[in-house]
Amino acid sequence: MVPTDTRLVLTDGVFTAQLDAVDVPARHADPGERGARDTLRTQIRRLEHELSMLIVGAFPHVRPRDQAAESLGGPRLLSLGELERVRDELVDELRDVERQAHERAEIERRSRARLQRMALEPAHHKFARVEARDVGGICGVWQVRPRFGLLGMLAGWWELKLSSGCP
Amino acid sequence: MELKPDPGWCAPEVERELPGLSLPQTTIEPVLGRSLTGGSTPAVLARLRHLSDRWRGARVVNVRSEAVPATYRVLYRQIGLDPEQVRTPLEALVLERVLDGGFLSRGLLADVLAIALIDTGAPVWALDDERLQGPLGLRLSREGEPFGRCSGAPDLRQGRLVIADSAASVAILFGALAPGHAPDKQTRRLRLFSVQPPGVSDLHVEEALWQCRSLLAAGG
């Protein structure tokens, strides 16, 4: 069966591959199968592009999957089934990276809200800490500390400070 | 100095499946009296240092999203190579740069090929031209085919994408050169070739080949 409408659908931030399973040896391709392979190659190009942009945009908080994809044995012309497998693995990887990016965005959103509360009412967040990298920074820690040390602690003078901590 | 590379040839089954993929190539005679596998010249070493300064962490991270390297990543996927496991030429080189703290010298020819790759994103390989027969092209390896024409050459697996001349396969696409075909101390003429997928402009590839030619013809 040769797919006539192969496409990816984005639903709630998740890609769903819509392509019927086909596996015909590449060397006896009819024009319909060739069209399907062209479509798969186009999908692979688009998915690879989206994956790279996502990884670059969210670096270093997301990373591609560690495990190696099953080897296809060196450079070769892929059959329809193999192209499908490459496409499906890219879809899975994109989903995984999107999930990591989403989780990271949620951590940063919560940290920013907490940092804002610490800035507004430092006396209510004594010695609270927020890592700068959790609010989009690179290094350092935001911390509520007493001004002038022990004196500030006794007098209730609290302030939010960024300690560098950068190498 | 204009350079119009020969586009090479592509077997029909490869052309059908990967239309637009080509193998631009040119032949050059490096300056005699200097070993291609020996140490680099001061000018080449200075260029490597300059490029090391230009390629720092942020750019290394972003390289996969740049147009030319991204095109090679896509081609890798389309021919069954996973670019996260088998790195594309530029990504492999800039990763080494991060790990080594700079682009280290690996001999004149290797350094010149690296400079061309870093500057343009287009990889260039070199073969000993006198051991080749006719223009290079892309085809699939045949059953029981030896890798190169040296005696005792290992057999290739059938159906692999290989670079071949009119008589034998001389390299695996994005992989190893066949035994006996890599340039050595006796090499007098080089065949430089690149792999140009659709989406990488002629300009990038011609610039890469031209850089190699100018650096080697000038003795580095």
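Fair warning: this is a prediction, and the values are worked out from it, not measured in the lab.

Draft legend 1. Geometry of the overall build of chain B. A count of helices and strands for chain B gives seven helices and seven strands. Counting from the amino terminus, chain B carries its helices and strands in the arrangement β-α-β-α-α-α-α-α-β-β-β-β-β-α. In terms of its C-alpha atoms, chain B occupies a principal-axis envelope of roughly 45 × 40 × 35 Å. Counting all 220 residues of chain B, 55% fall into the buried class. Taking the contacts inside chain B whose residues are at least 6 apart along the sequence as the reference set, 70% of them involve residues at least 24 apart. Accessible surface for chain B amounts to roughly 9,200 Å². Of this, 54% is attributable to carbon and sulfur atoms. Computed over 25 positive and 26 negative side-chain charges, the inter-centroid distance for chain B is 4 Å.

Draft legend 2. Representation of helix 6 (residues 108-120) of chain B in the model. All names here are of chain B. The end-to-end C-alpha separation of helix 6 is 18 Å, in line with the 18 Å expected for 13 residues at 1.5 Å each. Helix 6 sits mainly inside the fold: eleven of its 13 residues count as buried. For helix 6, every residue scored as buried is listed here: L108, L109, D111, V112, L113, A114, I115, A116, L117, I118 and T120. Each element contacted by the buried residues of helix 6 is listed here: helix 2 (42-54), helix 4 (67-78), helix 5 (89-100), strand 3 (124-128), strand 7 (190-194) and helix 7 (202-217). Once helix 6 ends, the next one or two residues include G121, with phi positive near 85 degrees.

Draft legend 3. Representation of the sheet that holds strand 5 (residues 158-163) of chain A in the model. All names here are of chain A. Spatially, 3-4-5 is the arrangement adopted by the three strands of the open sheet, whose pairing is antiparallel. Unpaired on one side and paired on the other, strand 3 (129-131) and strand 5 mark the two borders of the sheet. Within this sheet the neighbouring strands show an average axis-to-axis angle of 25 degrees, counted without direction. Bridge analysis of strand 4 (residues 141-146) against strand 5 gives six bridges, and the strand direction is antiparallel. By the bridge assignment, V144 is partnered in strand 5 with L160. Each of strand 3, strand 4 and strand 5 is contacted by helix 2 (residues 80-120), which is oriented at about 140 degrees to strand 3, the strand it contacts most.

Draft legend 4. Region of interest: the packing of helix 6 of chain B against helix 7 of chain B. Residue and element names in this part refer to chain B. One can describe the packing of helix 6 onto helix 7 by two numbers: an axis separation of 9 Å at closest approach and a directional angle of 150 degrees. The angle between helix 6 and helix 7 falls in the class roughly antiparallel. You can see that helix 6 and helix 7 cross each other, and the crossing is right-handed. Contacts from L108, L109, V112, L113, I115, A116, D119 and T120 in helix 6 reach H204, E207, A208, Q211, C212, L215 and L216 in helix 7. Of the residues in the contact of helix 6 with helix 7, the class split is ten nonpolar, three polar and two charged.

Draft legend 5. Here's a closer look at the environment of T187 of chain B. Residues and elements named next belong to chain B. When you line up the elements, T187 lands in the loop between strand 6 (169-172) and strand 7. For the pair T187 and L36, spaced 151 residues apart in sequence, the C-alpha separation works out to 8.0 Å. Those residues within four positions of T187 in sequence are excluded, and the remaining contacts are L36, D128 and R131. Here D128 takes part through its side chain, which lies 3.0 Å from a polar atom of the side chain of T187.

Draft legend 6. Empty space enclosed by the protein, seen in detail. Taken as a whole and assessed by the stated rule, the structure comprises one cavity of 30 Å³ or more. Of the voids in this model, the largest cavity is the one considered here, and its volume is about 40 Å³. In terms of lining residues, the largest cavity is bounded by E48, H49, S52 and M53 of chain A together with R64, S65 and A70 of chain B. Per element, the largest residue contribution to the lining of the largest cavity is four residues, and it comes from helix 1 (residues 31-58) of chain A. The residue inventory of the lining of the largest cavity, partitioned by class, reads two nonpolar, three polar and two charged.

Draft legend 7. The packing of aromatic side chains, seen in detail. All names here are of chain B. Inspection of the entire model under this criterion finds six aromatic pairs over all chains. Judged by centre distance (6.2 Å) and plane angle (90 degrees), the rings of Y72 and F174 are edge-to-face. Note that Y72 is positioned in helix 4 and F174 in the loop between strand 6 and strand 7, a separation of 102 residues in sequence. By relative accessible area, which is 12% here, F174 ends up buried.

The rules behind these values
- Residues numbered from 1 in each chain as written.
- Chains lettered and ligands numbered in written order.
- Predicted model: local features only at pLDDT ≥ 70, side-chain atom pairs only at ≥ 80, totals over all residues.
- Heavy atoms only, no water.
- Helix = DSSP H or I, 4+ residues; strand = E, 2+ residues; numbered from the N terminus.
- Buried < 20%, exposed > 50% of the residue type's maximum accessible area, 1.4 Å probe, protein only.
- Contact = heavy atoms within 4.5 Å.
- Areas by Shrake-Rupley, 256 points an atom, 1.4 Å probe, with all protein chains shown as cover.
- Lys, Arg positive; Asp, Glu negative; His and termini not counted.
- Charge placed at Lys NZ, Arg CZ, Asp CG, Glu CD.
- Expected span 1.5 Å × (residues − 1).
- Pairing = 2+ DSSP bridges.
- Axes fitted to C-alpha atoms, helices over the stretch in contact; angles between N-to-C directions.
- Parallel < 35°, antiparallel > 145°, perpendicular 65-115°, else oblique.
- Left-handed = near helix turned anticlockwise from the far one by under 90°.
- Nonpolar A, V, L, I, M, F, W, Y, C, P; charged D, E, K, R; others polar.
- Polar contact = N/O pair within 3.5 Å; in protein donor to acceptor, adjacent residues only side chain to side chain.
- 1 Å grid on protein atoms, 1.4 Å probe; cavity = no way out; pocket = protein on both sides within 12 Å on 5 of 7 lines; lining within 4 Å.
- Points joined across faces, edges and corners; volume = space filled by probe spheres on them.
- Phe/Tyr/Trp six-rings, centres within 6.5 Å; stacked < 30°, edge-to-face > 60°.

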